[in-house]
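# Overview (structure and organization)
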Amino acid sequence: MSISRREFVKSVTASGIALSVSRLVIAEEPSFAARETLPGRQAWNPAATGVGRIDGVAKVTGAKLYASDFRAADLPGWPQNTGHAMFILAPDAMHVYTGMDLSRLSGALKPAVVVTAADLARIGTRVPEFYAGDLFCPVGTTPLYLGQPVALLIFEQFDAFDQARLALRDGTFVKFGEETGPIRAPDYGAYRFTRVAGPTPDAPDVYSTFKDGLVSPEHFQDTEFPVWAPLAMPKAQPYAKAAIYGEQIRAELAASNPALLVLDREFDNPSNDCMFLEPECGIAWYDAGRKNLELVLGVQSPFENAEAIVFLLGEASAAFKPTRINAQFAYVGGGFGGRDHTPFPLWVALAGIFFPDRPVRLAYSRYQQFQMGIKRHAFKIHTQIGVDRASGKIVAFAADHILDGGGLANFSGTVAKVGAQMAIGVYDIPRVDVTTVALHSRGVTAGSMRGYGVLETNTALETLVDEMCAALPLDPIDFRRRNALKAGGRTLSGNQYDVAIRTPEILDKLEKHPIWQQRADEKARAKAGTLVGTGVACTSKNYGSGGDASLSTVEIGPDGRIAIRCEGCEMGNGIGTAVANRVAAHLGGVADQVALLQVDGFGPLELVSSGNCYTMDQKTQDAAARNPRWVPAISSATFASIGAYIMTHAAAEAARVIFRFGLWPAALELWGIAPKDPRANEWKTARWKDGQLVMPGLPPLALPAVAAKAQARNGVTGAMTHCFNRWAFAQATFTISGQAWTADIDALAVCRGGGKFARLDRSNVKYPPTDLNKSGPTHSSLCGTLVRVEIERATGALRIAKAYSVLECGQVLVPEVVVGQAQGGFAMGVGFVLLESLPPYEGGPGNGKWNLGQYVIARGSDLPLHDLEVEVLPPIDSDEGPKGVAEIVMIPVAPALLNAIYDATGHRFRSLPVTQSMIKGVLK
Amino acid sequence: VTTLTVTINGRAYGPRQVRDELSMNDFLREYLGMTGTKFGCGAAQCLSCAVIVDNPDGTSQTMPTCVVLATRSGNSHREMAWEGKTLAEICAQIKDPARNGNRSVDALIEHIGEDHLAGWAWAPGYGRQPAPGTQKQAGALVEAWVKTGAECPN
């Protein structure tokens, strides 16, 4: 394993710790690489024939590959025995923590080491800014949140650990004193999105975030909430301008105007757990003699988590400060956002540091995963929507969102922001005012979770739209058609989408579907004692965060075997299969090896980075970009539905370089076409078919023959790429084989004839302007859902009889994975509406008593297993690239189901979840 | 401590001494390093830890390893079932921590009256016959029973 990579230069110099980050590869398990290989290499084009996932067989046959599967004895060079650390979490955040009574752990059950806040203070750890807050609650203070860790107990042997956890099971040994009430802390972010469109659709906006900047209100001492009113502060401030326009929109909605139908509604959803199968875990070994810390972790954000550990220990006292950290990453058993920037690895590292020379494992129990794992935000949403009765068009919209962020900031600020930015869904509304604030509370920390604020705000929106349609009245599809944002139209933030807007097609599909066509008949045909209802919803979801990067290496051997390395995290999303298919389109064969989570190994690019790509100004970016090795961000977490669009992009561009400068010249030579022949420039016309390169009027060439020739003539056989996307890809020009090559990448290294990679200097780099940091999302995918429910009048029992989801995601990389995402998203949408609920605070998961008995998620019996139809629209043309799909497929399911429940029962539920007893209650 | 010999996927393991309270999940994962058996909830609810156990009589059954002891060849689910038992047997069983999920008699009030898992009996899903009354009523009855001494019939 390599030691220090240039890309980590910043961390190394700042802390004196060398960091190496890589995917876990087990030397003793040669079969693992074989398992990773796509089955049926000969079966060309899995996108058409479906040869399955690269990781499918290994996963279902129980291969040792998840982070939870590894113990010290499995890891090359590690001591054999694994110690075990036990997390002790505070089930109280209202009283002063006074310490632990560990007297019941005597003799063999006595922990070898107890780590507390005092120990961290003693050795001088630092908490990274993103995770700000005590890692352990100090004795004498009230826990910052329910579930805050108070200690790690470390045991040398599993048996002692196992017996101790039984002895401590009731939790009463964690002692509390005086009642203080909860700790108060500032909010995690408050924003106001106000837009006033110009007088005509073509006119510029009078006011918008994109035009005038993102604004936040001010805080005054001793208020939990920010002050939204414009008058409380000087008019000159940017915030006051937004607020004045905003209040005008609200006044318009409040005015008595018979031409306008205004609905004013509240909607709320509880917090949810991501409920991935594998509770968070990790294993650490600190070799104190060599000052080397080894870690095996499973997260969605390997790069960021590793850097956080470097920061944590960067100024620790000598005996506790490693000079080298080697973080290895394994597959994760589910993520859904909950493993993106999780603080968990910080404690794994601490367990290792405080138990030197012996490997130690830390894992949440499921109770602890509920108690401490990242949650979905509980939202309280107040919405006012005004529709012109004559035209059926939405003329004004105002909303206020309050998110419960729980104990630590994590991603609360950006979840609030994205939820608000997408709050008007697929609609074009000229006057919009949305305020949002994420508050601190003593609840469990909320952060990233599938839907990222958009699920919550769009469920409120699409149920309100349904209500509006009934009130006007207007047909729900017709209403959506009248109000849908059109090509060139502006979003709530005032920016335009740079993708096709396919709402009309989705609405047509929904309208023509039998579930919708037969809704009245089915209602009329309902069996005695059964209520039937049909609901529809259509939503969009951004993919990408406005500052996303990806790295990949693709190589082809003389035998035509293809190897891909990329940094995406496989969390069940099928990224490995997707990247293999994307490369296959350019290289004519499915990869024989796909290595994921390859965070290091891109050393030849010699990348450096500085600043924050989300907030930097144009001048800073321009100056930094003069260094040809500089990029705005080196690596991204696997998040924000970026897998298909961004994570596979770097690999696709690498494959294009290999084709153009390796395989194509080799093919020309095999065909006997001279470089000056005009046909030599027709490389774009060439197509791969059944593993052969096909050109009109020329004999087809088999991939191995072309690859062997490329190798022999010292052509490009490997390419390493970096890409950056800020609502558009950065572009640069490179000179390859004496020719200028302009592509959507900002760093490139190539290897020739199977040799070493050499970096190529870029020229004419064009980074997306920093002004786009003010933009709302410009990439979004669409999904529409129809649901028909049957409800037993006597019991309130609900059954989903039929459902249909129609989505568009551009070029489909792996059809089975897209359909699988839609099915999983459907199940999660059903759970969100009917089942899943975490109460806040004392009765909630922070008390450590929650498991799947209390927290019920959707099971097979809750779902229309054989009655869910998924349709994926074909791309608009062959140039349309892949679009993100992971989150959008969940979102319309929730409001469609709620609208169906209304259609069946005549009751609008505005608070989730809607349980059987609640349905029964309204049927009496 | 028990000496355990077991055949897994056709291969013999042991004899090996294990603590009597060691779970089968920990035996498989921590002692044998086997990973086909997952750890999901630790409470016999997600069943990602299930294995199929072959009984001496030729029958087989699925067992959630997270709540079954390594040394036990029986089935905790079968022991928890009420089917075919007398009222006295059921009563003794639900009071027995070894067969009720290690609960005190007081904890049964919340378990039967509040726990969503127990609540499935009254909301078993579409097309199934729910248990009589409501979960709340059942909780009240259990509470009355516990507070009057939790006696069992003879």
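Residues numbered from 1 in each chain as written. Chains lettered and ligands numbered in written order. Predicted model: local features only at pLDDT ≥ 70, side-chain atom pairs only at ≥ 80, totals over all residues. Heavy atoms only, no water.

### Brief notes about the pairing of strand S2 (residues 11-18) of chain B
Residues and elements named next belong to chain B. Note that strand S1 (residues 2-8) and S2 share 6 bridges and pair antiparallel. Counterpart to Ile8 in the pairing with S2 is Arg11. Between the end of S1 and the start of S2, which pair antiparallel, lie 2 residues, with Asn9 showing a positive phi angle near 50°. (Pairing = 2+ DSSP bridges. Helix = DSSP H or I, 4+ residues; strand = E, 2+ residues; numbered from the N terminus.)

### Looking at the state of the cysteines
In this structure the tally under the stated criterion is 1 disulfide over all chains. Cys613 of chain A takes part in no disulfide bond, and the closest cysteine sulfur, belonging to Cys723 of chain A, lies 12 Å away. Free of any disulfide, Cys41 of chain B has its nearest neighbouring cysteine sulfur in Cys46 of chain B, separated by 3.9 Å. (Disulfide = S-S within 2.5 Å.)

### Brief notes about the confidence of the model for chain A
Should pLDDT be low for a region, the predicted coordinates there are not to be read in detail. Residues and elements named next belong to chain A. Of all residues in chain A, 93% attain a pLDDT of 70 or more, and the chain-wide mean is 91. Under a pLDDT of 50 for its full length, residues 1-13 has, in the predicted model, 38 contacts with residues more than four places off or in other chains. Every residue in residues 27-50 scores below 50 in pLDDT, and together they form 51 contacts with partners more than four places removed in sequence or on other chains. (pLDDT = per-residue confidence, 0-100. Contact = heavy atoms within 4.5 Å.)

### Quick word on the nonpolar core
Residue and element names in this part refer to chain A. The biggest cluster of nonpolar side chains holds 122 residues, and the ones touching the most others in it are Leu663 and Trp671. At 14 residues, the largest contribution of residues to this core is made by helix H21 (residues 649-671). Setting aside residues up to four positions removed in sequence, Trp671 forms contacts with Trp664, Leu693, Met695, Leu698, Pro699 and Leu701. By size, the runner-up hydrophobic cluster in this structure holds 52 residues, among which are Ile17, Ala85, Leu293 and Val348. (Core = buried A, V, L, I, M, F, W, Y, C linked by side-chain atoms within 4.5 Å. Buried < 20%, exposed > 50% of the residue type's maximum accessible area, 1.4 Å probe, protein only.)

### Comments concerning the interface of chain B and chain A
With 27 residues of chain B in contact, the opposing surface of chain A contributes 34 residues. Joining chain B to chain A, the criterion identifies 5 salt bridges. One salt bridge in this structure joins Arg29 of chain B and Asp69 of chain A, with 2.9 Å as the shortest N-O distance. Taken together, chain B and chain A are joined by 13 residue pairs in polar contact (both at pLDDT 80 or more). Those elements giving two or more residues to the side of chain B that touches chain A turn out to be helix H1 (24-31) and helix H5 (116-119) of chain B. The element best represented in the side of chain B that touches chain A is H1 of chain B, accounting for 4 residues. Residues belonging to the side of chain B that touches chain A are distributed by class as follows: 10 nonpolar, 9 polar and 8 charged. (Salt bridge = Lys/Arg side-chain N within 4 Å of Asp/Glu carboxyl O. Polar contact = N/O pair within 3.5 Å; in protein donor to acceptor, adjacent residues only side chain to side chain. Nonpolar A, V, L, I, M, F, W, Y, C, P; charged D, E, K, R; others polar.)

### What about the sheet that holds strand S14 (residues 393-404) of chain A?
Residues and elements named next belong to chain A. Overall, mixed pairing links the 5 strands, which are arranged S7-S15-S14-S13-S8 in an open sheet. In this open sheet, the two strands that pair with only one neighbour each are strand S7 (189-196) and strand S8 (260-269). Going from strand to strand, the sheet's axes swing by 5° on average, the running direction of each strand aside. As paired elements, strand S13 (residues 378-388) and S14 share 11 bridges and run antiparallel to each other. Looking across to S14, one finds that Ala378 is bridged to Asp404. Across the face of the sheet, helix H12 (residues 412-421) comes into contact with S7, S13, S14 and strand S15 (431-439) while running at roughly 20° to S7. Across the sheet, helix H13 (residues 454-471) lies against S8, S13 and S14, angled at about 145° from S8, the strand it touches most. (Axes fitted to C-alpha atoms, helices over the stretch in contact; angles between N-to-C directions.)

### A look at the pattern of salt bridges
Applying the stated rule across the entire model yields 56 salt bridges over all chains. Glu252 of chain A is paired through a salt bridge with Arg431 of chain A; the nearest N and O atoms lie 2.6 Å apart. Of the two residues, Glu252 of chain A sits in helix H8 (residues 238-254) while Arg431 of chain A sits in strand S15, which places them 179 residues apart along the sequence. On the basis of relative accessibility, which here comes to 25%, the residue Glu252 of chain A falls in the partly exposed class. Members of the salt-bridge network, linked through shared partners, are Asp159, Asp162 and Arg165 of chain A together with Arg19, Glu21 and Asp26 of chain B.

### Some remarks on H12 of chain A
Most of H12 of chain A is tucked away, with 8 of its 10 residues classed as buried. Its buried side turned inward, H12 of chain A meets S7, S13, S14, S15, H13 and strand S16 (530-542) of chain A.

### A word on empty space enclosed by the protein
Residues and elements named next belong to chain A. Under the counting rule described, the total for this entry stands at 7 cavities of 30 Å³ or more. Taken together, 16 residues form the lining of the largest cavity, with Phe267, Ala460, Thr463, Leu464 and Arg910 sitting closest to its centre. Every element with two or more residues in the lining of the largest cavity is listed here: S8, S13, H13 and helix H24 (893-905). The biggest single contributor to the lining of the largest cavity is H13, with 4 residues. In terms of residue class, the lining of the largest cavity is built from 7 nonpolar, 4 polar and 5 charged. (1 Å grid on protein atoms, 1.4 Å probe; cavity = no way out; pocket = protein on both sides within 12 Å on 5 of 7 lines; lining within 4 Å. Points joined across faces, edges and corners; volume = space filled by probe spheres on them.)

### What about the sheet that holds strand S28 (residues 762-766) of chain A?
Residues and elements named next belong to chain A. Spatially, S25-S24-S28 is the arrangement adopted by the 3 strands of the open sheet, whose pairing is antiparallel. Only two strands of the sheet have a single partner each, and these edge strands are strand S25 (739-743) and S28. Each strand axis lies, on average, 20° off the axis of its neighbour in the sheet, ignoring direction. As paired elements, strand S24 (residues 731-736) and S25 share 5 bridges and run antiparallel to each other. What sits directly across from Thr735, in S25, is Ala740. In this fold H21 packs onto S24 and S25, with an angle of close to 155° to the strand it touches most, S25.

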